[in-house]
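A closer look at the structure
Chain by chain, the residues:
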Amino acid sequence: MACGGELQGVDMNSIPLVALNYSVRQRLSLYLNPGTVVASDWTQLAEEMNYDYLEIRNFERSKNPTLTLLEDWEKRCFRATVGGLLEMLKKIERNDILTDLASLIEADCVKYLQKQRELSLPPPVQDETVDSSQSLGITISDDPTGQIPELFDAFICYCAKDLSFVQEMITRLEQTDHKLKLCVFDRDVLPGTCLWSITSELIEKRCRKMVVIISDDYLDSKECDFQTKFALSLGPGAREKRLIPVKYKPMKRQYPSILSFITVCDYTNPCTQVWFWQRLAKALKN
């Protein structure tokens, strides 16, 4: 696949598979799910990924074997990359996919690289006498001198329409014997700060865990998408047991595939609802 524009000179093997969004994965499924005698399908791709016969047979039970295969490959192979996927598609002679989906794959990769660059940009040079970040910090309880940053047990990733559940979470986890300290953006972060850089600092350096509130509205939130993918992009030591997905109401849309390998804390199950808050609090303390 020829790379154009911002991808010129970029090694596609340096871009993790998480860069590919759900829409591209669905398009791949449309090409690879149907078994035909004239073109290689997902089973040949699975063989290139070194899956054995029994594993492939198990994937056949899935409603979308291509999507399931890609998700499992990401879990199984820490170095699962866009470049690796493209090379395997070439090996199984699916050049039609490489051609037809080139622009969509490149667009996802460009978005991923842009976000990574935003996270790595140094802060703007400022006169120390007017440096608001030094005098005010980034959260309302930060030390004004900047010497002791405010720390939290968990960063809460949520969209505005799910704020009522976040408020219940505050009541259940902060204002009870659990005495946890949650980072809720609309409550704790000072206005006027850079959204992306402040969010990344809070997730990586100031919060031990990250709770992701999953809902249909979450799937439409660019901020939630960035926060989730940033947490997943952290090194193995930094992201280990960090994310805790929480589903608090029934969903009409498909659960996000990038979180499907992490055990969800499900508030919608009436049988386990009685243990929900105790279980969540325990996970945040571990």
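Each value, and the rule that gives it
Here the residue index of a chain counts from 1 through its sequence in written order. Owing to the predicted nature of the model, reporting of local features is limited to residues with pLDDT of at least 70; listing and counting of side-chain atom pairs is limited to 80 or more, with chain, interface and lining totals taken over all residues. Hydrogens and water molecules were not included; the side-chain quantities draw on all heavy atoms of the structure. UniProt positions are given in the numbering used here, feature names are shortened, and annotations may be inferred rather than shown by experiment. Numbering goes from the N terminus for both helices and strands, where a helix is a DSSP run of H or I of at least four residues and a strand is a run of E of at least two. Burial classes follow relative accessibility: with a 1.4 Å probe on protein chains only, a residue under 20% of its type's maximum area counts as buried, one over 50% as exposed, and anything between as partly exposed. Here a polar contact means two N or O atoms within 3.5 Å. Within protein one must be a hydrogen donor candidate and the other an acceptor candidate, and residues neighboring in sequence count only if both atoms are side-chain atoms. We call a set of buried residues a nonpolar core when its members are Ala, Val, Leu, Ile, Met, Phe, Trp, Tyr or Cys and they connect through side-chain atoms within 4.5 Å of each other. Each pair of strands is called paired provided DSSP finds at least two bridges between the two strands. When we speak of the arc, we mean the arc of directions from the helix axis to the C-beta atoms. In this description, contact between two residues means that some pair of their heavy atoms is separated by no more than 4.5 Å. To get an axis, a line is fitted to the C-alpha atoms, and for a helix only the part in contact is used. The angle between two axes follows their N-to-C directions and goes from 0 to 180 degrees. Orientation categories follow fixed angle ranges, with anything under 35 degrees roughly parallel, anything over 145 roughly antiparallel, 65 to 115 roughly perpendicular, and all other angles oblique. The sense of a crossing depends on the near helix, which, turned anticlockwise from the far helix by less than a right angle, makes the crossing left-handed and, turned clockwise, makes it right-handed. Classes in brief: Ala, Val, Leu, Ile, Met, Phe, Trp, Tyr, Cys and Pro nonpolar; Asp, Glu, Lys and Arg charged; the others, Gly included, polar. Whenever a carboxyl oxygen of Asp or Glu lies within 4 Å of a side-chain nitrogen of Lys or Arg, that contact is scored as a salt bridge. A clockwise path from the first strand over the helix to the second, with the strands pointing away from the viewer, defines a right-handed crossover.

Looking at an unreviewed UniProt entry, one finds the chain named Myeloid differentiation primary response protein MyD88, with Pelobates cultripes as its source organism. The record held by UniProt for the chain lists under Function (unreviewed entry) the comment "Adapter protein involved in the Toll-like receptor and IL-1 receptor signaling pathway in the innate immune response." Taken from UniProt, the Subcellular location (unreviewed entry) comment for the chain reads in full: "Cytoplasm".

Among the secondary structure elements, aspartate 142 is positioned in the loop between helix H8 (132–136) and strand E1 (152–157). Residue aspartate 142 is classed as buried on the basis of its relative accessible area, which comes to 8%. A distance of 3.1 Å separates the side chain of aspartate 142 from the backbone nitrogen of threonine 139, its partner in a polar contact. Reaching out from aspartate 142, the side chain makes a polar contact with the side chain of arginine 206 at a distance of 2.7 Å.

With 82 residues, the main nonpolar core has Leu85, Ile156, Met169, Leu182, Ile213 and Leu280 as its most contacted residues. Of all the elements, strand E3 (residues 207–214) adds the most residues to this core, at 6 residues.

What follows covers the sheet that holds E3. An order of E2-E1-E3-E4-E5 is seen for the 5 strands of this open sheet, with the pairing classed as parallel. In this open sheet, the two edge strands, each paired with only one partner strand, are strand E2 (182–183) and strand E5 (265–266). Summarising the sheet, strand E4 (residues 243–247) and E5 pair through 2 bridges and their orientation is parallel. The residue of E5 that forms the bridge with valine 246 is cysteine 265.

A few words on helix H9 (residues 163–173). Of the positions making up H9, those classed as buried are Phe165, Val166, Met169, Ile170 and Leu173. The arc that holds the buried residues of H9, viewed along the axis, is 150 degrees, so those residues lie on one side. Structurally, H9 contributes buried residues whose contacts are with E1, E2, helix H10 (185–188), E3, E4 and helix H14 (276–285).

Before going further, it helps to examine the packing of helix H11 (residues 195–206) against helix H12 (residues 222–233). One can describe the packing of H11 onto H12 by two numbers: an axis separation of 10 Å at closest approach and a directional angle of 40 degrees. What the angle tells us is that H11 and H12 run oblique. For the element pair H11 and H12, the recorded crossing hand is right-handed. Contact residues: H11 offers Leu195, Trp196, Thr199, Ser200, Ile203 and Glu204, while H12 offers Lys222, Glu223, Phe226, Gln227, Phe230 and Ala231. A class-by-class count of the residues in the contact of H11 with H12 yields 6 nonpolar, 3 polar and 3 charged.

Time to look at the environment of glutamine 278. Among the secondary structure elements, glutamine 278 is positioned in helix H14. Sequence separation between glutamine 278 and arginine 172 is 106 residues; the distance between their C-alpha atoms is 9.3 Å.

Considering all chains together, one arrives at 15 salt bridges under this definition. Put simply, arginine 187 and aspartate 188 hold a salt bridge, and the shortest N to O gap is 3.0 Å. By relative accessible area, which is 32% here, arginine 187 ends up partly exposed. When the shortest N-O distance is used, the salt bridge between arginine 253 and aspartate 220 registers 3.0 Å. Placement of the pair is arginine 253 in the loop between E4 and E5 and aspartate 220 in the loop between E3 and H12, with a sequence separation of 33 residues. Taken together, the shared-partner salt bridges in this structure form one network comprising Lys115, Asp225 and Lys229.

With 6 of 6 residues buried, E1 lies mostly within the body of the structure. Here E1 runs beside E2; their pairing, made up of 2 bridges, is parallel. Within the sheet, the bridge partner assigned to phenylalanine 155 lies in E2 and is cysteine 183. Crossover handedness for the path E1 to H9 to E2: right-handed.

You will see that asparagine 50, though not glycine, has its phi angle at about 75 degrees, which is positive. Checked against the element boundaries, asparagine 50 lands in the loop between helix H2 (42–48) and helix H3 (53–59). Asparagine 50 sits in the exposed class, given a relative accessible area of 62%. You will see that lysine 179, though not glycine, has its phi angle at about 50 degrees, which is positive. Assignment of secondary structure puts lysine 179 in the loop between H9 and E2. Since its relative accessible area comes to 64%, lysine 179 is described here as exposed.

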